[in-house]
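# Architecture at a glance
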Amino acid sequence: VRADEQEEDSKAGGSVTQKPIFQIAGPKAPVWETIEVDAGPTPMERTRAIVLKAWKKLGGEVTVYEVLDKVATDPKLSRKVEDFFGDRQNSGDEVFEELVPKVLKADGVPTGEKRPPTSGEGRPSKVYRRRD
């Protein structure tokens, strides 16, 4: 119903009825349009980028503990983790820490060697070398 028809009907004392779009356009008319939303990089992609930068700074072979320590002590890497995952003191760090070993397994090859944690607490960790 066009606006001028609505105005004429209201002047004449008639009532204007509005119909849903599918009744006007027919049953095969598209009701919704598909909207693609770019959600940005996933947590795994962000973690991978941060881990690879730390890995490059540390050299060829690293452990999970070494990567976590490097990220914690490097202001730029630490800020990137905080920007994406939230406050470093809360659960954001837990998500990041869970993804670091997955990145090392996906992008590295275990050397067969194990090193003790850098903090002295915990069990020895596998050493990974970057894939070429």
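Scroll up to find the structure this text is about.
Residues numbered from 1 in each chain as written. Predicted model: local features only at pLDDT ≥ 70, side-chain atom pairs only at ≥ 80, totals over all residues. Heavy atoms only, no water.

### Here's the deal with the overall build of the protein
A count of helical and extended segments in the protein gives six helices and three strands. For the protein, the N- to C-terminal ordering of α and β elements is α-α-α-β-α-α-α-β-β. Buried residues in the protein amount to 25% of all 132 residues. Within the protein, contacts between residues separated by at least 24 positions form 54% of all contacts whose residues are at least 6 apart in sequence. (Helix = DSSP H or I, 4+ residues; strand = E, 2+ residues; numbered from the N terminus. Buried < 20%, exposed > 50% of the residue type's maximum accessible area, 1.4 Å probe, protein only. Contact = heavy atoms within 4.5 Å.)

### Let's talk about the layout of surface pockets
Put simply, the largest pocket is a space of about 180 Å³. Forming the boundary of the largest pocket are Val 64, Tyr 65, Leu 68, Glu 97, Pro 101, Lys 114, Arg 123, Pro 124, Ser 125 and Lys 126. Contributions of two or more residues to the lining of the largest pocket are made by α4 (64–73), α6 (91–107) and β3 (125–130). If one sorts the elements of the lining of the largest pocket by residue count, α4 sits on top with three residues. When its residues are assigned to classes, the lining of the largest pocket shows five nonpolar, one polar and four charged. (1 Å grid on protein atoms, 1.4 Å probe; cavity = no way out; pocket = protein on both sides within 12 Å on 5 of 7 lines; lining within 4 Å. Points joined across faces, edges and corners; volume = space filled by probe spheres on them. Nonpolar A, V, L, I, M, F, W, Y, C, P; charged D, E, K, R; others polar.)

### Digging into the packing of α4 against helix α5 (residues 75–85)
At a minimum axis distance of 5 Å, the contact between α4 and α5 shows a crossing angle of 95°. Of the possible angle classes, the one that applies to α4 and α5 is roughly perpendicular. Contacts between α4 and α5 involve Lys 70, Val 71, Ala 72 and Thr 73 on the former and, on the latter, Pro 75, Leu 77, Ser 78 and Val 81. Residue composition of the contact of α4 with α5, grouped by class: five nonpolar, two polar and one charged. (Axes fitted to C-alpha atoms, helices over the stretch in contact; angles between N-to-C directions. Parallel < 35°, antiparallel > 145°, perpendicular 65-115°, else oblique.)

### A closer look at the nonpolar core
Val 51, Trp 55, Val 67, Val 71, Phe 96, Val 100 and Leu 104 are the most contacted members of the largest nonpolar core, which totals 18 residues. Elements with a minimum of two residues in this core: α3 (43–58), α4, α5 and α6. The element that contributes the greatest number of residues to this core is α3, accounting for five residues. Phe 96 has contacts with Thr 47, Ile 50, Val 51, Leu 68, Val 71, Val 81 and Phe 85, leaving out every residue within four places of it along the chain. (Core = buried A, V, L, I, M, F, W, Y, C linked by side-chain atoms within 4.5 Å.)

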